[in-house]
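Descriptive analysis of the structure
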2 protein chains.
Amino acid sequence: MQNQTILLASRPQGEPTAAQFQFETSEAPSPAEGQVLLKALYVSVDPYMRGRMNAGKSYVPPFEVGQPISGGVVAEVIESQLDKLPVGSVVVGNLPWQQYSVSDGRGLQQIPTDQAPISYFLGLLGMPGLTAYFGLLDICQPKAGETVVVSGAAGAVGMVVGQLAKIKGCRVIGTAGSDEKVAYLKQLGFDEAINYKTANIPEALTAAAPNGVDCYFDNVGGAITDAVYDLLNKHARIALCGQIANYNATEAPIGPRPEGKLLTTSSKLQGFIVSDYLPQWPEGVKQLTEWYGQGKLQFEETITEGFDQIPTAFLGLFRGENTGKAIVKVA
Amino acid sequence: MQNQTILLASRPQGEPTAAQFQFETSEAPSPAEGQVLLKALYVSVDPYMRGRMNAGKSYVPPFEVGQPISGGVVAEVIESQLDKLPVGSVVVGNLPWQQYSVSDGRGLQQIPTDQAPISYFLGLLGMPGLTAYFGLLDICQPKAGETVVVSGAAGAVGMVVGQLAKIKGCRVIGTAGSDEKVAYLKQLGFDEAINYKTANIPEALTAAAPNGVDCYFDNVGGAITDAVYDLLNKHARIALCGQIANYNATEAPIGPRPEGKLLTTSSKLQGFIVSDYLPQWPEGVKQLTEWYGQGKLQFEETITEGFDQIPTAFLGLFRGENTGKAIVKVA
């Protein structure tokens, strides 16, 4: 059985290209005692992976050149020498970009197949949904009537943040990069949505937030963030989740210093990664599953088909090609 | 009885000068029923007052042109028509820069005269000491063995922060603007002290913090802050207390964006003002008084004499002329 793997061919300078990826074909492995053979079904491509393509310390270790890239994958057990994961089990975990892989089951989580589409465990009920859940509810702690701004609002994390803020009774403003995405956010229940590519960002945000901004969930950084800082209310809370506007920067990004604004408003800027909340994940998945089951949360995926399309789907993240979660269906 | 008052003559552009201050002489007022006549003893000059000289919203309302400047003052009751404040009482409160003033007692706090020099209620046991106490202990929550950096360490707030961090068992690094201040910090028990005017700041901080930085108490901003951001450990906490490096800026200060560093370390940057902790002030004063009484906290003042020297003492803050609390003894 032939098995394709995607390796990191070289580290990108600035925006990554197809040249960073190398396909390798080998024979599919066989599981040893205590192992399972997994067939990848859905592969997640996420903005944070750009950081792992650089050398050097970050919140997750870098990918190594010449080694497989890895990330969130939903897979099916097709051979098993491990009692707790019989053939037919569906699991999610951090796995190589590979059609077939073996695992001893550590770090894999078996997922139910009857509660939501199984690919949602890479989105609404997985890392992005939990990122939204803990970042908004723990760091921002939005109160009913407050104004919440979400950048990258039509992405996998942002769309969940906005809906959670609506569940909490907030006024919700999202920014996104196309009129189609803006229309979609309105449909999801966002009070205001701004196309940052065509709007005057400071003017549009000021108009959308007449009472100022109490919470900001930042996936993007840059000019949107600068404009939000100018609108912060006293004791505002900012969950710093991503900075996709800066991920491909080749020099340290320069901008207005935010400290003065944070100081005069007694505001908090808190960086985080979802793994900070590892012990609370089961609670988060339970609550998100419940709200989804009650119809209070919608979710959207942009699904690309074919193992060979993984690099293309990944590169599309930086051109804003996805609405909601970017997923590659590989089998 | 003649009474001098200092008014804001005009708003400064950039660094304030003597031209911002206007002295006015009038007749000392008489207290009405329910009022006291106060004689100012010690007047506090503080960096935050620079912000109040600008028009526009900040954390405290701006001073008005043509009106008295006000701030922390220790005063004695010399006439009383108010039972709770008999003649001879010593009080601290926000009062005009005026030799004699009347008050209905609201906002005034009677202070003991037997626990510490009464001017300390403008310093160690007043606003600066409480700023250090809540900013470090509540926002930074330093743990024994962690590394704490304090900028503006030889100032009224900074010297208390450093000593509190030593009480908590931390490695403490301070920055200050002269070799004399650096020597003083070492004498106070700081593990390392850096003269930011002569050192290569990133190199000196890197050498002083071989295990990275867990807590940063920022009074200054600018280049020192940029260097600290590069050294943050995972889950670092930054108490954002002041930005004296930027107070006289006439254009919005530009610098390296900090968000990336905060994000990859899951760090917190929290702006605050001591009034955020108003309900806990008595607890803070009690604890600081106790540590002072036990000899665990030292305090230093730079005292200028004469009511007419208040503007000069204030302007000296921005040239780093004070070690510890800048106070004017006016009577």
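The structure presented is a predicted model; accordingly, all values stated were derived computationally and were not measured.

1. Examining helix α8 (residues 281–293) of chain B
All names here are of chain B. Given a rise of 1.5 Å per residue, 13 residues ought to cover 18 Å, and the 18 Å separating the end C-alpha atoms of α8 matches this to within 8%. If you check which residues of α8 are buried, you get Gly284, Val285, Leu288, Thr289 and Trp291. In a view along the axis of α8, the buried residues occupy a sector of 165 degrees, so they form one face of it. Across α8 from its buried face, at more than 90 degrees, point the exposed residues Pro282, Lys286 and Gly293. The secondary structure elements touched by the buried residues of α8 are α2 (127–140) and α3 (156–167). Following α8 by one or two positions, glycine 295 adopts a phi angle in the positive range, close to 75 degrees.

2. Let's talk about the domain arrangement of chain A
Residue and element names in this part refer to chain A. Here the domain parsing of chain A yields domain 1 (2–123 + 299–329) and domain 2 (127–275). For domain 1 versus domain 2, the separation of C-alpha centres amounts to 28 Å. The partner domain 2 presents 16 residues to the 22 residues of domain 1 that form the contact. Overall, the association of domain 1 and domain 2 removes approximately 1500 Å² of surface from exposure, summing both partners, and the carbon and sulfur fraction of that is 61%. Three residues, Tyr59, Phe299 and Thr323, lead the burial of domain 1 against domain 2; their summed loss comes to 29% of the area buried on that side.

3. Structural notes on helix α3 (residues 156–167) of chain A
Residue and element names in this part refer to chain A. Taking 1.5 Å per residue, 12 residues should reach 16 Å; α3 reaches 17 Å between its end C-alpha atoms and fits that length. For α3, the buried fraction is high: 10 of the 12 residues fall into the buried class. Those residues of α3 not exposed but buried are Ala156, Val157, Gly158, Met159, Val160, Val161, Gly162, Gln163, Leu164 and Ala165. In the stretch just after α3, glycine 169 is the one whose phi turns positive, near 85 degrees.

4. Some words on the pattern of salt bridges
Using the criterion set out here, one finds 18 salt bridges over all chains in the structure. Notably, a salt bridge pairs arginine 257 of chain B with aspartate 226 of chain A, separated by 2.8 Å at the nearest N-O pair. With arginine 257 of chain B in the loop between β13 (254–256) and α7 (259–264) and aspartate 226 of chain A in helix α6 (residues 223–229), the pair connects residues from two separate chains. Each member of the pair, arginine 257 of chain B as well as aspartate 226 of chain A, is classed as buried. Here arginine 319 of chain B makes a salt bridge to glutamate 321 of chain B, at a shortest N to O gap of 3.0 Å.

5. A look at the sheet that holds strand β10 (residues 192–195) of chain B
Taken together, 12 strands build an open sheet; the order of strands is β10(A)-β9(A)-β8(A)-β11(A)-β12(A)-β14(A)-β14(B)-β12(B)-β11(B)-β8(B)-β9(B)-β10(B) and the sheet is mixed. Of all strands in the sheet, those bounded by a partner on one side alone are β10 (192–195) of chain A together with β10 of chain B. Averaged over neighbouring strand pairs, the angle between their axes works out to 15 degrees when direction is ignored. Here strand β14 (residues 268–271) of chain A pairs with strand β14 (residues 268–271) of chain B via 3 bridges, running antiparallel. Across the sheet, residue leucine 269 of chain A finds its bridge partner in β14 of chain B, namely leucine 269 of chain B. Strands in contact with helix α5 (residues 201–208) of chain A are β8 (147–150), β9 (171–176) and β10 of chain A; relative to β10 of chain A, the strand with the most contacts, it is inclined by about 175 degrees.

6. Remarks on the interface of chain B and chain A
Chain B puts 33 residues into the contact, and the matching count from chain A is 33 residues. Surface buried jointly by chain B and chain A totals about 2800 Å² across both partners, of which 55% is contributed by carbon and sulfur atoms. It is Arg257, Glu259 and Leu263 of chain B that lose the most area in chain B upon contact with chain A, and together they represent 28% of the buried surface on that side. Here chain B is connected to chain A by 2 salt bridges. At the surface where chain B touches chain A, the tally comes to 16 residue pairs in polar contact (both at pLDDT 80 or more).

7. A closer look at the packing of aromatic side chains
All names here are of chain B. Counted by the stated rule, this structure contains 24 aromatic pairs over all chains. With a centroid separation of 5.6 Å and an interplanar angle of 65 degrees, the aromatic rings of tyrosine 120 and tyrosine 292 are classed as edge-to-face. Here the residue tyrosine 120 occupies a position in the loop between β7 (109–110) and α2, and tyrosine 292 occupies one in helix α8, the gap between them amounting to 172 residues. Judged by its relative accessible area of 10%, tyrosine 120 is buried. Judged by centre distance (6.1 Å) and plane angle (80 degrees), the rings of phenylalanine 217 and phenylalanine 272 are edge-to-face. Residue phenylalanine 217 is found in strand β11 (residues 213–218), and its partner phenylalanine 272 is found in the loop between β14 and α8; the two are separated by 55 residues along the sequence. With respect to class, phenylalanine 217 is no different from phenylalanine 272; both count as buried.

Calculation rules
- Residues numbered from 1 in each chain as written.
- Chains lettered and ligands numbered in written order.
- Predicted model: local features only at pLDDT ≥ 70, side-chain atom pairs only at ≥ 80, totals over all residues.
- Heavy atoms only, no water.
- Helix = DSSP H or I, 4+ residues; strand = E, 2+ residues; numbered from the N terminus.
- Expected span 1.5 Å × (residues − 1).
- Buried < 20%, exposed > 50% of the residue type's maximum accessible area, 1.4 Å probe, protein only.
- Arc of directions from axis to C-beta.
- Contact = heavy atoms within 4.5 Å.
- Domains from an automatic or database assignment.
- Buried area = accessible area lost by both parts, 1.4 Å probe.
- Salt bridge = Lys/Arg side-chain N within 4 Å of Asp/Glu carboxyl O.
- Pairing = 2+ DSSP bridges.
- Axes fitted to C-alpha atoms, helices over the stretch in contact; angles between N-to-C directions.
- Polar contact = N/O pair within 3.5 Å; in protein donor to acceptor, adjacent residues only side chain to side chain.
- Phe/Tyr/Trp six-rings, centres within 6.5 Å; stacked < 30°, edge-to-face > 60°.

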